[in-house]
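Chains, contacts and geometry: an overview
As a plain string of letters, each chain reads:
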Amino acid sequence: MRWTQTFIPTLKETPAEAEILSHRLLLRAGLIRKLTGGLYTFLPLGLKVMQKIANIVREEMNRAGGIEVLMPALQPPEIWQQSGRYETAQDVFFKAQDRSKREWILGPTHEEVITTLVASEINSYRQLPRNFYQIQTKFRDEIRPRFGLMRAREFVMKDAYSFDASDELAQLSYEKMYQAYVNIFRRCGLKALPVEADTGVMGGKHSHEFMVPAEVGEDDIVYNESGTYAANIEKASSALAAPFPEPADVASQPALEKFETPGVKTIEALEKDPYQVPANRQIKTLVYMVDEKAILILLLGSDQLNEAKLAGVVGSTNLRPATPKEVFETLGAYPGSLGAINVSGPAIYADTMLRNGYGLTTGANEKGVHVRNVCMERDITVTAWNDLRMVKEGEPCPETGEALKIRAAIEVGHVFKLGTKYSENLGATFLDTHGKQQPAVMGCYGIGVTRTLQAIIEQDHDDSGIIWPVSVAPFTVCITALDIDPESPAMKTAESIYQSLIDKGIEVILDDRDERPGVKFKDSELIGFPIRIGVGARSLKENVVEVKPRGGDLQKVSPDTVVDLVTTWIADNESPSA
RNA sequence: CGGAGCGUAGCUCAGCUUGGUAGAGCGCCAGCUUUGGGAGCUGGAUGCCGCAGGUUCGAAUCCUGUCGCUCCGACCA
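All of these numbers come straight from a predicted model, not from anything done at the bench. (Residues numbered from 1 in each chain as written. Chains lettered and ligands numbered in written order. Predicted model: local features only at pLDDT ≥ 70, side-chain atom pairs only at ≥ 80, totals over all residues. Heavy atoms only, no water.)

Comments concerning the domain arrangement of chain A
According to the domain assignment, chain A consists of domain 1 (39-237 + 406-458), domain 2 (250-386) and domain 3 (466-573). Just the C-alpha atoms count here: the centres of domain 1 and domain 2 sit 38 Å apart. Counting residues at the interface gives eight residues for domain 1 and eight residues for domain 2. Here domain 1 and domain 2 share three residue pairs in polar contact (both at pLDDT 80 or more) between them. For the side of domain 1 that touches domain 2, a count of residues per class yields three nonpolar, two polar and three charged. (Domains from an automatic or database assignment. Contact = heavy atoms within 4.5 Å. Polar contact = N/O pair within 3.5 Å; in protein donor to acceptor, adjacent residues only side chain to side chain. Nonpolar A, V, L, I, M, F, W, Y, C, P; charged D, E, K, R; others polar.)

So this is what it looks like as C-alpha cells:
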C-alpha cells in the first residue's frame with residue numbers, strides 16, 4: 001500500500017474528547033473517528049488491525065472445533081420472553097420498530113438466537129457436541145459509554161456457544177475454549193490473565209475472565225505473587241482468620257448497654273474519642289432492596305459489602321441499597337445508627353467474619369444512640385451466614401497464604417458454563433443413548449474484539465505512540481522514502497525494496513507523501529509499525545538504508561540485504577512470547 | 001439516573017468576570033525559500049460563538065430552557 005493511496009489522518013494534537021492514552025492514540029494515529037458518543041468509524045488502519053485480531057480469533061476458534069456462523073443482529077422480542085430474560089435484560093436493549101409498530105431488539109448477545117436454532121436442528125446426542133461462533137457487531141445501551149472502544153454502544157464481539165450431552169462433556173468444551181483463549185491473547189501479544197469470575201445467580205465455579213492488567217481497567221483483580229491464584233474481586237475470597245474462632249460463652253456475656261452518641265453517623269466517628277470503638281469491633285448494618293423487598297446485611301465495621309457475592313447468596317441481581325425512606329420504613333431509624341438487635345421482619349444476612357462475635361457495638365435504631373456488648377448468638381437472629389465481604393489487599397491468599405495483591409484490569413474475554421437454563425426454556429433438547437429427552441448443556445464464550453484492539457494499545461505504547469506486535473500491526477513494515485522524486489536514487493531504491501517485500505508476502509506501506517522527513521518519522525512511530533525502513537540520499541551515499549524496529553535500535557544495512565534481514569526479523573518476532 | 005466540567009475556524013484553545021467590528025497557534029490554499037526528526041517568510045480562505053427563547057439600543061459574553069460531549073458513581077466484552 002502506498003500512503004498517498006489510502007486514508008491515514010494522523011493528528012499532531014491530542015483531541016479533547018479522549019481522556020485515556022489508548023483512546024488518544026486510536027484517534028491520533030488515524031485508526032478511528034467518532035460519529036457520536038460510543039459510536040466509531042473504523043478508518044483503514046483501524047479496520048486492518050481489527051481484521052487481523054478477528055482472523056487470529058477465527059483461526060484459534062476453528063482449531064478448537066468451533067463452527068462459524070452469522071446470526072441476525074435484529075432479534076424478535078419473543079425469544080427473549082421465552083428465555084425469561086426479556087424483563088431483566090431490558091436495560092441493555094436498543095430497540096427498533098418496524099412500520100407496523102412491531103418491536104425489534106438489536107442484539108446485545110445471542111444465546112436466544114443460537115439456542116432457537118439448535119432447538120430446531122439438533123435432535124440427537126449423535127449431533128453433539130457443537131460449538132457455534134460468530135464475529136459480529138453487538139448493541140448495548142450502555143449506561144455510560146466511555147474510553148473510546150473500551151465501552152461502546154456498538155462493538156465487535158466474538159461470541160461462541162457450546163452444546164453438549166452432559167455436564168462432563170460440557171466441561172471439556174469449556175476447557176477447550178479456555179485454552180483457545182489463552183492462545184488467542186498470546187498471539188495478539190496481550191498479557192491477558194485468566195481469573196476466576198463471578199457467576200452471579202448461576203452459581204458454580206465455571207467462569208473465567210481474561211483480564212489485561214491496566215491502570216484504566218474497570219475491574220479489579222485479586223491475585224497472588226506466585227501466580228497460582230487470580231480472581232475478579234467480585235469473586236475473590238481470602239483466608240483471613242475470623243476474629244472470633246470459638247463460640248462465645250453466652251452466659252458470661254455482659255448485658256447489652258445503650259449509650260449516647262450524639263451526631264455520630266459513621267463507623268469512623270465511632271472509632272474516635274470519646275467512644276474509641278475499633279471498626280473491627282463494630283457491626284455495619286446495611287439495608288438493601290432485593291426484588292424490592294428489604295433485607296439486612298451485617299458486616300464487620302471495617303469491611304465493605306461485595307454486591308456480587310450478595311447477589312449470589314440471595315439469588316437475584318435485582319438489588320440496590322435502600323433509600324433513607326425505605327430504611328426508615330424497615331427499621332424505624334435513618335442510616336447512622338442502624339442495628340439488627342430485636343429485628344425480626346426482614347431477612348438478616350451476616351458475613352462470616354461476625355460469626356461467634358461478641359463485645360461488639362452497633363446502632364440502636366435510635367438517632368444518636370448505639371449499643372455495646374452485642375453478642376451475635378444471643379442478640380441477633382441471623383437468617384444466613386455467608387462470605388459477603390470485599391477482599392482487601394494484603395490478606396492471605398486462600399490457596400497459598402501469600403499476601404494478596406489487587407490491581408485494575410480490562411476484561412477482554414469471558415468463558416462461562418451456562419448449564420441448561422436456555423436449552424430448557426427454548427427447547428434445545430436431544431435424545432440421549434437411552435432415547436430419553438435431555439436439555440443440551442451449554443457454555444458461552446465472549447471476546448471483545450474491538451476492546452482487545454484498544455487493550456493492546458493500552459498495554460504497548462511509549463511517548464511516541466503505539467507499539468504494535470507484528471501479529472496485529474496494520475502493516476509490518478513502513479518504508480519511509482525521504483525523497484519522492486520518482487527519478488531519485490532514494491525513491492528508486494524504496495520502490496525496489498517495496499516490491500521485494502510485497503513479493504515475499506510481507507505487509508508493507510510505502511510513505512510516498514510529499515512531507516518532510518520529520519513528519520514521516522513521527523507518523524510512523526505514532527502509528528507504531530513494527531519496522532521502519534528509512535531510504536534517503538544521505539545514507540544511500542554510504543550504500544546503506546536504515547532499518548529501525550519500533551522501540552529498538554537503528555541498523556544500517558545494504559539495500560541488497562535489507563529484504564532478507566527484515567524477513568528474518570519478522571519471522572523471529574511473529575509469535576509474541578507474552 | 002445522580003454529581004462535576006465543557007460546547008467559539010478542520011484541530012488545540014483564548015475572548016465571557018465588566019455586553020459594543022470574531023481571535024491566536026497548528027492545519028488548509030498560493031508563491032518563494034528550505035530539504036534526515038512535526039521547517040521559514042509572504043499572501044489567502046475558513047465561523048448560525050451547539051440550538052431555542054428571553055433581557056438589552058446592542059449578546060459569543062447576562063438569564064432560562066434544550067441538545068451534545070467528557071469525567072466520577074451503579075451495568076458489561
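Examining unusual backbone geometry
Geometrically, the link from L128 to P129 is a cis peptide bond, its omega value of 0° lying close to zero. Take P129: it is sitting in the loop between α4 (111-121) and β7 (130-139). The phi dihedral of Q276 is positive, around 60°, even though this residue is not glycine. Its place among the elements puts Q276 in the loop between α6 (267-271) and β14 (283-290). Of note, the phi angle at N342 is positive, near 60°, even though the residue is not glycine. Mapped onto the elements of the fold, N342 is located in the loop between α8 (324-331) and β17 (347-351). (Helix = DSSP H or I, 4+ residues; strand = E, 2+ residues; numbered from the N terminus.)

Looking at the packing of helix α1 (residues 21-28) against helix α11 (residues 449-459)
Contact geometry for α1 and α11: axes closest at 8 Å, N-to-C directions at 105°. Looking at the two axes, α1 sits roughly perpendicular to α11. In this structure, α1 contributes L21, S22, H23, L25 and L26 to the contact, and α11 contributes L453, Q454, I457 and E458. Within the contact of α1 with α11, the residues separate by chemical class into five nonpolar, three polar and one charged. (Axes fitted to C-alpha atoms, helices over the stretch in contact; angles between N-to-C directions. Parallel < 35°, antiparallel > 145°, perpendicular 65-115°, else oblique.)

Description of the protein's contact with RNA strand B
For RNA strand B, the set of nearby residues contains 45 residues, the closest of which are R140, I143, E525, R538 and E546. A share of 44% of the atoms of RNA strand B within 4 Å of the protein falls on sugar and phosphate groups. Within the side chain of K12, a nitrogen or oxygen atom sits 2.9 Å from a sugar or linking oxygen of RNA strand B. Between E142 and RNA strand B, the recorded distance is 2.8 Å, taken from a side-chain N or O atom to a base oxygen. Of all the elements in the fold, those that place two or more residues in the surface near RNA strand B are β1 (32-36), β8 (154-164), β21 (405-419), α13 (517-527) and α14 (537-540). Taken together, the residues of the surface near RNA strand B sort by class into 15 nonpolar, nine polar and 21 charged. (Near = heavy atom within 4 Å.)

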